[in-house]
Amino acid sequence: MTASSTMPRTWSPSTWAISGLDRGAGMGHLTGPPPRTAALSERPISTPVARKSRNPAPRAWQRMLSGRRLDLLDPSPFDIEIEDIAHGLARVARWNGQTIGEHAFSVAQHSCVVEDIAAHMKPDLDPRWRLAALLHDASEYVIGDMISPFKSALGVNYKDFEARLESAIHVRFGLPPKSPVAIKTLIKKADRACAFFEATQLAGFERSESLKLFGAPPAGFHLTIDPLPAPVAQTRYIERYRALAEAVGILPGAHPRPSE
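Residues numbered from 1 in each chain as written. Predicted model: local features only at pLDDT ≥ 70, side-chain atom pairs only at ≥ 80, totals over all residues. Heavy atoms only, no water.

Concerning the overall build of the chain
Scanning the chain for helices and strands turns up 9 helices and 4 strands. Taken from N to C terminus, the helices and strands of the chain fall in the order β-β-β-α-α-α-α-α-α-α-α-β-α. Sequence-distant contacts in the chain: of pairs separated by 6 or more residues, those separated by 24 or more amount to 69%. (Helix = DSSP H or I, 4+ residues; strand = E, 2+ residues; numbered from the N terminus. Contact = heavy atoms within 4.5 Å.)

Put into structure tokens, the structure is as follows:
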């Protein structure tokens, strides 16, 4: 969906549909349950059972509502599901929750706006790169939305972990582990444009300060942000994923649309 050059928009549940991309009927899953360790009763009687260490290694995985257990040190695409991402992002607040309104502005809603802005900036953007824009903050369903200054303070180790998780997410949804530089640059510009609207409308920044921090939004793109309740943002995020995934051809029975 490209933004109108003349009409402002309100980002509310009625404005999430994007022309040219029909919504699919399913989300698709990698087949097969995650591996599990045999229960004690299933082991041969002769197999010794090791005693628990007094100082066991700290747990390095997280159980998701889908039942998947994501290894945080070595994330696997097989343990990543769009439902878990949507659920998590819809409950992660931008700006550490320091925004006005009854509801926090979620990363899920932010991600959909960024995808919209990227398509406005480049109307012929291939659906797979629009999907990359939608997923640009998907790692935050695990690590949360850390503001940029805090990310810098944490240093390289955090960035390395974030990069590994982002790569696994991309592979899970049929994208290259790393996006081309031109696409990353486009998404970053769309991300900063969205931050400009958020800062001025929700986070209490003056327009002049937002311009210094984030730059001016793209010409012709107008946005009024209406933060959505978490369940609504979650649903809208999945709907956008379905539409884009169908266009890319990664849903069951979907046929990829030719790239221009």
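Side note on the packing of helix H3 (residues 127–134) against helix H9 (residues 230–248)
Think of two packed helices as two axes; the pair is described by the angle between the axes and how far apart they sit. Relative orientation of the contacting elements H3 and H9 amounts to 155°, with a least axis distance of 8 Å. Between H3 and H9, the crossing angle belongs to the class labelled roughly antiparallel. With respect to the hand of their crossing, H3 and H9 are arranged in left-handed fashion. The segment H3 lies against H9, with Pro127, Arg128, Arg130, Leu131 and Leu134 engaging Tyr237, Arg240, Tyr241, Leu244, Ala247 and Val248. Its residues assigned to classes, the contact of H3 with H9 comprises 8 nonpolar, no polar and 3 charged. (Axes fitted to C-alpha atoms, helices over the stretch in contact; angles between N-to-C directions. Parallel < 35°, antiparallel > 145°, perpendicular 65-115°, else oblique. Left-handed = near helix turned anticlockwise from the far one by under 90°. Nonpolar A, V, L, I, M, F, W, Y, C, P; charged D, E, K, R; others polar.)

A closer look at the pattern of salt bridges
Tallying each qualifying case throughout the model produces 8 salt bridges. Its salt-bridge partner being Asp124, residue Lys122 comes within 3.4 Å of it at the nearest N-O pair. Between Arg236 and Glu239 there is a salt bridge; the shortest N-O distance is 3.2 Å. A residue pair is termed a helical-turn pair when its members lie 3 or 4 positions apart in one helix, as Arg236 and Glu239 do in helix H9 at 3 residues. Residue Arg236 is classed as buried on the basis of its relative accessible area of 18%. Overlapping salt bridges, with partners in common, bring together Arg68, Glu81 and Arg172 in one network. (Salt bridge = Lys/Arg side-chain N within 4 Å of Asp/Glu carboxyl O. Buried < 20%, exposed > 50% of the residue type's maximum accessible area, 1.4 Å probe, protein only.)

Details of the packing of aromatic side chains
Counting across every chain of the model gives 5 aromatic pairs. Each ring, one from Trp95 and one from Phe205, has its centre 5.4 Å from the other, and the planes form 55°; the classification is tilted. With Trp95 in the loop between helix H1 (82–89) and helix H2 (107–121) and Phe205 in the loop between helix H7 (181–201) and helix H8 (207–214), this residue pair connects regions lying 110 residues apart in the sequence. Overall, the relative accessible area of 17% leaves Trp95 in the buried class. Phe205 sits in the partly exposed class, given a relative accessible area of 23%. These aromatic residues form a ring-pair network of at least three members: Trp95, Phe205 and Phe214. (Phe/Tyr/Trp six-rings, centres within 6.5 Å; stacked < 30°, edge-to-face > 60°.)

Description of H7
Its 21 residues give H7 an end-to-end C-alpha distance of 30 Å, which sits within 8% of 30 Å, the value for a rise of 1.5 Å per residue. Along H7, the residues classified as buried are Ile183, Leu186, Ile187, Ala190, Asp191, Ala193, Cys194, Ala195, Phe196, Phe197, Glu198 and Ala199. Considering only its buried residues, H7 is in contact with H2, H3, H8 and strand E4 (224–225). (Expected span 1.5 Å × (residues − 1).)

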